[in-house]
Amino acid sequence: MTTKTLTIKQAINETLREEMRRDDTVIIMGCDVGVRGNPFGITIGLYDEFGAERVRDTPISEAAIIGACLGAAATGLRPIGEILFSDWITLGMDQLVNQIAKIRYMFGGKINVPLVIRAPVGAGGGQAAQHSQSFEAWFSHVPGLQVVMPITPFDVKGLLKTAIRSDDPVLFFEHKRGYEIQGEVPGEDYTIPFGEAAIRREGTDVTLVAVSIMVHRALSVAETLSQLGIECEVIDPRTIYPFDYETVLKSLEKTHHLVVTHESNRRSGIGSEIVSQLVERGFDLLDDQPVIVAGLDVPMPYNRLLESLVIPDEEKLKDAILKLMD
């Protein structure tokens, strides 16, 4: 198998291009996805190859983008809707939560909604309260939606292909501070099934479940703690719903200690659901109470120094693990 090194941004662009060449029902809709190629450069070159019919610049209306994706999916296309910041999905919540997530059920399976909504998530860079949120916990609560949060180029490409080919709606969240992360990607076509976590680092003392960008921070902390004799097993769930609890439970059979970390707010965050499920399914495997390391329950500040106090970083994660193992 041949491989090449891509950034996450390049992996997304390559995946979109390959899937549009493979299937002419795949289209892209969003603000500035066409001529400009997206403010992050994600869709550069796609407009030139596929034209305005398949790479559609839209008005600045998230409700219209998501609603148009529903109509397109219900009538035979496979739309990929791009929302510039995940915060603004809130403007299309009725279309997404009450229509897209429910329509297959309400029509007795006679209508499929094979669509993907892509959006960058997360904080960093001083982008303030309306450009820095992560809503994976919200959407994992809604029956009918699948939620994906990869953080390596390999996973981004394989999971995005799975999302585009799925007959069910998928929310595909990309961390905006991760677009330049590099990694090896196969040259051949491949997909990655939803609901299969990846063990990024094996360990015997602590099971550390890290979501999205926190995977890379967790790996850094794991290397530091290894020098102190604490070996962390770092697990990247890759998909938030469906979630691979079996891999985490198998890890807990070895470590008997659980730490979950994510960047979004702690209160009602996805960490609470992960811990709740694991305690219910594997209480006897735990030697101590689980720990959640997450963002503070405040709006994200614009000031970068204040922002750094809100976001969970390596030091906060390391201190939490040391306290647990003390």
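Before reading on, note that the structure itself is shown above.
What comes next is a walk through the structure. (Residues numbered from 1 in each chain as written. Predicted model: local features only at pLDDT ≥ 70, side-chain atom pairs only at ≥ 80, totals over all residues. Heavy atoms only, no water.)

This next bit is on the overall build of the protein. A tally of helices and strands in the protein yields twelve helices and 14 strands. For 326 residues, the compact-globule estimate of 2.2 N^0.38 gives 20 Å, and the C-alpha radius of gyration of the protein, at 20 Å, lies within 12% of that figure. Taking the principal axes of its C-alpha atoms as reference, the protein extends roughly 60 × 45 × 40 Å. Considering the protein as a whole, with its 326 residues, one finds that 56% of them fall into the buried category. Within the protein, counting contacts between residues at least 6 apart in sequence, those at least 24 apart form 81% of the total. About 13,900 Å² of surface is accessible on the protein, with carbon and sulfur atoms providing 51% of the total. When the 31 basic and 46 acidic side-chain charges of the protein are each reduced to a single mean position, those positions are 4 Å apart. (Helix = DSSP H or I, 4+ residues; strand = E, 2+ residues; numbered from the N terminus. Rg over C-alpha atoms; globule rule 2.2 N^0.38 Å. Buried < 20%, exposed > 50% of the residue type's maximum accessible area, 1.4 Å probe, protein only. Contact = heavy atoms within 4.5 Å. Areas by Shrake-Rupley, 256 points an atom, 1.4 Å probe, with all protein chains shown as cover. Lys, Arg positive; Asp, Glu negative; His and termini not counted. Charge placed at Lys NZ, Arg CZ, Asp CG, Glu CD.)

Packing of helix 3 (residues 62–74) against helix 4 (residues 93–100) leaves a shortest axis separation of 8 Å and a crossing angle of 30°. Put simply, helix 3 runs roughly parallel to helix 4. The residues of helix 4 that touch helix 3, namely those facing Ala63, Ile66, Gly67 and Leu70, are Gln95, Leu96, Gln99 and Ile100. A breakdown of the residues in the contact of helix 3 with helix 4 according to their chemical character gives five nonpolar, three polar and no charged. (Axes fitted to C-alpha atoms, helices over the stretch in contact; angles between N-to-C directions. Parallel < 35°, antiparallel > 145°, perpendicular 65-115°, else oblique. Nonpolar A, V, L, I, M, F, W, Y, C, P; charged D, E, K, R; others polar.)

In this section: the sheet that holds strand 10 (residues 206–210). What the five strands build is an open sheet, ordered 9-11-10-13-14; its pairing is mixed. Looking at which strands have only one partner, the edges of the open sheet turn out to be strand 9 (198–201) and strand 14 (291–295). Each strand of the sheet is rotated relative to its neighbour by a mean of 25°, with strand direction disregarded. Pairing of strand 13 (residues 258–265) with strand 14 involves four bridges; the strand directions are parallel. (Pairing = 2+ DSSP bridges.)

With that settled, the discussion passes to the nonpolar core. Core analysis: the biggest nonpolar cluster contains 50 residues, and Ile12, Leu16, Val116, Phe172, Val259, Leu317 and Ile321 have the highest contact counts within it. Top element by residues in this core is helix 8 (residues 214–226). It accounts for six residues. Two domains each put at least three residues into this core: domain 1 (3–186) and domain 2 (198–325). Each residue touching Leu16, except ones within four places of it in the same chain, is listed here: Ile28, Thr43, Leu46, Ile80, Leu160 and Ile164. Judged by nonpolar contacts, the second largest core, of 48 residues, contains Ala197, Val211, Val275 and Ile292. (Core = buried A, V, L, I, M, F, W, Y, C linked by side-chain atoms within 4.5 Å. Domains from an automatic or database assignment.)

Of all the five residues making up strand 4 (residues 78–82), five are buried; the element is thus mostly covered by neighbouring parts of the structure. Direction of pairing for strand 2 (residues 26–30) relative to strand 4: parallel, over a ladder of five bridges. From the neighbouring strand, Ile28 faces strand 4, where its bridge partner is Ile80. As defined by bridge partners, strand 4 adjoins strand 5 (residues 116–121) across three bridges and the pair is classed as parallel. Bridge assignment links Glu82 to a residue of strand 5, and that residue is Arg118.

Put simply, helix 8 and helix 12 (residues 314–325) touch, their axes get as near as 9 Å, and they point 50° apart. When the interaxial angle is binned, helix 8 and helix 12 end up oblique. The chirality of how helix 8 crosses helix 12 is right-handed. Counted together, Arg217, Ala218, Ser220, Val221, Thr224 and Leu225 of helix 8 and Glu314, Leu317, Lys318, Ile321 and Leu322 of helix 12 form the full contact between these two elements. Split into classes, the residues belonging to the contact of helix 8 with helix 12 amount to six nonpolar, two polar and three charged. (Left-handed = near helix turned anticlockwise from the far one by under 90°.)

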